[in-house]
Amino acid sequence: MLEIAREKAIYNKFICSYVTNERVAEIENAEFDGVLASGVIVPGLIRPNELDEIIRWIKPGGIICFNCRIDGYENEEYGYKAKCENLEKQKRWKLISSLDGNYYGANHPTARGPLTSRVLVYKILPF
């Protein structure tokens, strides 16, 4: 994917890294205006506490937008909802928008039936 991005010649920086609780050395504090993440804020990929590292990357006033399946977001065992609410209480970010919709659109690929996704948009507050 990074090679495809390089070929487009519209990006300035290319980083291949996992998102964990550890600091990504190639990314400075408040380096980006925003982050868009789709299909990665789920159990087994980016865990709730790793949102702190992503927030570190975004300038105050910047935006983070991500989706999370409702069955994962609402499940207390995973902790996504609690983490999002806690970040608001800590004044790290402010909720701008929360919208629920069909995760796969009209063409659901499994027999489990429709899955609902929550799209969350937060504004990063000064730290």
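The name given to the chain in an unreviewed UniProt entry is Methyltransferase domain, with the source organism recorded as Desmophyllum pertusum.

Draft legend 1. Structural detail: the side chain of R118. If you trace the backbone, R118 turns up in strand β4 (residues 116–124). The exposure class assigned to R118 is buried, which follows from its relative accessible area of 14%. A distance of 2.9 Å separates the side chain of R118 from the side chain of E74, its partner in a polar contact. Looking at R118, its side chain comes within polar contact range of the side chain of D100, at 2.7 Å. Apart from residues lying up to four places away in sequence, R118 is in contact with F66, N67, C68, I70, Y73, E74, S98, L99 and D100.

Draft legend 2. Focus on the pairing of strand β1 (residues 32–37). The sheet contact formed by β1 and strand β2 (residues 58–69) spans 5 bridges and is parallel. Each bridged residue has a counterpart across the sheet, and for A37 the counterpart in β2 is F66. For the crossover from β1 across helix α2 (residues 51–57) to β2, the handedness is right-handed.

Draft legend 3. Quick look at the packing of aromatic side chains. Scanning the model with the defined rule gives 3 aromatic pairs in all. Each ring, one from F66 and one from Y122, has its centre 6.2 Å from the other, and the planes form 20°; the classification is stacked. A residue pair is termed long-range when its members are at least 10 positions apart, and F66 in strand β2 and Y122 in strand β4 qualify at 56 residues. As far as burial versus exposure is concerned, F66 and Y122 are alike and both buried. Centre to centre, the rings of W93 and Y122 are 3.7 Å apart; their planes meet at 10°, and the pair counts as stacked.

Draft legend 4. Quick peek at the sheet that holds β1. Spatially, the 4 strands line up as an open sheet ordered β1-β2-β4-β3, and their pairing is mixed. In this open sheet, the two strands that pair with only one neighbour each are β1 and β3 (93–102). In this sheet, neighbouring strand axes are inclined to one another by 10° on average, regardless of whether the strands run parallel or antiparallel. Note that β2 and β4 share 7 bridges and pair antiparallel. Paired with C65 across the strands is V121, a residue of β4. Lying over the sheet, helix α4 (residues 80–89) contacts β2, β3 and β4, oriented at roughly 150° with respect to β3.

Parameters and conventions
Residues numbered from 1 in each chain as written. Predicted model: local features only at pLDDT ≥ 70, side-chain atom pairs only at ≥ 80, totals over all residues. Heavy atoms only, no water. Helix = DSSP H or I, 4+ residues; strand = E, 2+ residues; numbered from the N terminus. Buried < 20%, exposed > 50% of the residue type's maximum accessible area, 1.4 Å probe, protein only. Polar contact = N/O pair within 3.5 Å; in protein donor to acceptor, adjacent residues only side chain to side chain. Contact = heavy atoms within 4.5 Å. Pairing = 2+ DSSP bridges. Right-handed = clockwise from strand over helix to strand, strands pointing away. Phe/Tyr/Trp six-rings, centres within 6.5 Å; stacked < 30°, edge-to-face > 60°. Axes fitted to C-alpha atoms, helices over the stretch in contact; angles between N-to-C directions.

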